[in-house]
Amino acid sequence: MIVGYAAVVLANPKGIQPATSSRSKIFYESLTQWDGDWYVTAAEKGYGQEGINPQTGESTQPFFPLLPALIKAGSLVGLNPRVAGLTAVNFAFIVGLFFCHRLFALKAGVRQATAACWITGAGPFSVVFSMIYPESLMLAATAAAFYFFEKRRPFAVALCAAIASLARPNGAVTAAVLSGCAIAVTVSSARPAREILRWTPVAVFPAAVLGSWMFLLWRWTGDPFAFVSAKRAWAEVTVESIVEGQSAEVSPGTLSHVALAIAAFVLIVYAWRNLPLSWKALWFAYVIPALFFGLAGTGRYSWSIFPVFAAAGWASLRRRVAVSLTYAVAVSATLVTTGIFMSRLVP
């Protein structure tokens, strides 16, 4: 956030004359642009025809309903929609940090948990946790779901997994991974029949919630998978389009996303033995779809889900690695945040 404001102060990223627009306004707009515009539009116009841009065909349909619902709720109590969105995501980030610390402390101790949470707040794409993006909602929901799983509270797990399923299209992988964990617990239990009944909501409730959302999309658009099909209106660069030669020159912004995703992958591999299998499965299941739906986003996905911060926390316990990691995170976060606030990098 501080880096972003410094970029606004030291540069004029949008060519707006200082006499007509304050730097604070530019800073505020930077926090609410990009996908934030679409989430606000979804809250105001919904997911039908009014949410479609007639000139480009782009629409609100790929943007899942949890954040728009929170924006709408804030609007109903008198908040500006963008202020409501910023309030929701920043509160969710605080909740996410709380559950990340509790979860990491359970697995590796307070020292590693504290280091991991510092990196969570200062990671390469951590600025998006304070933008109108659902990343902070996903961080809070996934960390809480896995924390409650460790505490063996299936109904809390089911609720958090359902929240993740409504935050992003790939949020459903949270329920899928935790369902696998629940199966493992059931198989190893002395009373499997009882455990099946206890853990069934972890799979059923998120699936019912996601199914209800798809039903509403079908009622409004005629397509229950509109959140997938509507993505065709965006000229996304994907692995498939590159292999088939359908993409033009890959932009520096897209290359930045890919480079940071590779860095996160290296970090996951480095801490491989320390990370639980379910955490690794969550990270891969969450990030891999971006390869097929849009490479401009892989960096953000890779650095907004809790396993990568846990990996960084473990790596930071080694002094030599900690120094290199600190410099790498600081430099990448500065470059990414400056690029976003100067409108040169799409988050």
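Residues numbered from 1 in each chain as written. Predicted model: local features only at pLDDT ≥ 70, side-chain atom pairs only at ≥ 80, totals over all residues. Heavy atoms only, no water.

This part is about the overall build of the protein. Helices and strands together make up the secondary structure of the protein, namely 18 helices and 0 strands. At 20 Å, the protein has a C-alpha radius of gyration in line with the 20 Å of a compact globule built from 347 residues. Evaluated residue by residue, the protein yields a buried proportion of 50% over its 347 residues. For the protein, the proportion of contacts with a sequence separation of at least 24, taken over those separated by at least 6, is 72%. When the 26 positive and 14 negative side-chain charges of the protein are each reduced to one mean point, those points stand 16 Å apart. (Helix = DSSP H or I, 4+ residues; strand = E, 2+ residues; numbered from the N terminus. Rg over C-alpha atoms; globule rule 2.2 N^0.38 Å. Buried < 20%, exposed > 50% of the residue type's maximum accessible area, 1.4 Å probe, protein only. Contact = heavy atoms within 4.5 Å. Lys, Arg positive; Asp, Glu negative; His and termini not counted. Charge placed at Lys NZ, Arg CZ, Asp CG, Glu CD.)

With that settled, consider the nonpolar core. Judged by nonpolar contacts, the single largest core of 81 residues is most densely connected at Phe-104, Trp-279 and Phe-306. Considering every element that reaches this core, the biggest residue donor is helix H7 (residues 135-150), with 11 residues. Among residues more than four places away in sequence, those in contact with Trp-279 are Leu-103, Phe-104, Lys-107, Phe-146, Phe-306, Pro-307, Ala-310 and Trp-314. Counting residues in each nonpolar core, the second largest holds 8 residues, with Ala-42, Phe-64, Leu-217 and Phe-227 among its members. (Core = buried A, V, L, I, M, F, W, Y, C linked by side-chain atoms within 4.5 Å.)

A contiguous nonpolar patch, built from Phe-225, Val-228, Val-239, Val-243, Ile-288, Leu-291, Phe-292 and Phe-293 and spanning about 710 Å² of accessible area, is present on the exposed surface. Among the secondary structure elements, those contributing two or more residues to the nonpolar patch are helix H12 (239-243) and helix H15 (290-293). Among the elements that make up the nonpolar patch, the one with the highest residue count is H15 (3 residues). (Patch = residues over 30% accessible without salt bridge, like charges linked within 9 Å, V, L, I, M, F, W, Y side chains within 5 Å. Areas by Shrake-Rupley, 256 points an atom, 1.4 Å probe, with all protein chains shown as cover. Salt bridge = Lys/Arg side-chain N within 4 Å of Asp/Glu carboxyl O.)

Across its 30 residues, helix H10 (residues 192-221) extends 43 Å between first and last C-alpha, which sits within 8% of the 44 Å expected from 1.5 Å per residue. Where H10 bends most, at Trp-199, the angle is about 40°, and the proline Pro-201 comes one to four residues later. (Expected span 1.5 Å × (residues − 1). Bend = angle between axes of the 7 residues up to and from the residue.)

Glancing now at unusual backbone geometry. Unusually for a residue other than glycine, Trp-34 sits at a positive phi of about 55°. Position of Trp-34 relative to the elements: it lies in the loop between helix H2 (23-32) and helix H3 (35-45). Positive phi, normally seen in glycine, also occurs at Arg-152, with a value near 60°.

All right, on to the side chain of Thr-337 then. Secondary-structure assignment places Thr-337 in helix H18 (residues 319-341). The buried category is assigned to Thr-337, whose relative accessible area is 6%. At a separation of 2.7 Å, a polar atom in the side chain of Thr-337 contacts the main-chain carbonyl oxygen of Ala-333. (Polar contact = N/O pair within 3.5 Å; in protein donor to acceptor, adjacent residues only side chain to side chain.)

By secondary structure assignment, the location of Gln-61 is in the loop between H3 and helix H4 (66-76). Side-chain polar atoms of Gln-61 contact the backbone oxygen of Tyr-47, separated by 3.4 Å. Once you skip the residues sitting within four places of it in the chain, Gln-61 turns out to touch Tyr-47, Ile-52, Thr-221, Ala-226, Phe-227 and Ala-230.

Another aspect to go through is the pattern of salt bridges. Using the criterion set out here, one finds 5 salt bridges in the structure. For Glu-150, the salt bridge is made with Lys-107, and the minimal N-O distance between the two is 3.3 Å. Within this pair, whereas Glu-150 is found in helix H7, its partner Lys-107 is found in helix H5 (residues 81-108), the two being separated by 43 residues in sequence. In this structure, Arg-198 and Glu-195 form a salt bridge, with 3.3 Å as the shortest nitrogen-oxygen distance. Taken together, the residues span about one helical turn, with Arg-198 and Glu-195 both in helix H10 at a distance of 3 residues. Relative accessible area serves as the criterion here: at 28%, Arg-198 is assigned to the partly exposed category.

Looking now at the environment of Ala-105. Along the polypeptide, Ala-105 turns up in helix H5. Separated by 28 residues in sequence, Ala-105 and Tyr-133 place their C-alpha atoms 27 Å apart. In this view, Ala-105 contacts Val-110 and Ala-113; residues no more than four positions away in its chain are not counted.

Quantified by volume, the largest pocket comes out at close to 840 Å³. Broken down by element, the residue count for the lining of the largest pocket peaks at 3 residues, all from H3. The residue makeup of the lining of the largest pocket, split by class, is 24 nonpolar, 3 polar and 6 charged. (1 Å grid on protein atoms, 1.4 Å probe; cavity = no way out; pocket = protein on both sides within 12 Å on 5 of 7 lines; lining within 4 Å. Points joined across faces, edges and corners; volume = space filled by probe spheres on them. Nonpolar A, V, L, I, M, F, W, Y, C, P; charged D, E, K, R; others polar.)

Okay, the packing of aromatic side chains next. Counted by the stated rule, this structure contains 28 aromatic pairs. Geometrically, the ring pair formed by Tyr-39 and Phe-63 is edge-to-face, given 5.1 Å between the ring centres and 75° between the ring planes. Highlighted residues: Tyr-39 in helix H3 and Phe-63 in the loop between H3 and H4, separated in sequence by 24 residues. Each member of the pair, Tyr-39 as well as Phe-63, is classed as buried. Directly above the ring of Phe-149 sits Arg-152, whose terminal nitrogen or CZ lies 4.7 Å from the centroid. (Phe/Tyr/Trp six-rings, centres within 6.5 Å; stacked < 30°, edge-to-face > 60°. Lys NZ or Arg CZ within 6 Å of the ring centre and 35° of its normal.)

Within H3, the full set of buried residues consists of Asp-35, Gly-36, Trp-38, Tyr-39, Val-40, Ala-42 and Ala-43. One or two positions beyond H3, positive phi appears at Gly-46, with a value near 85°.

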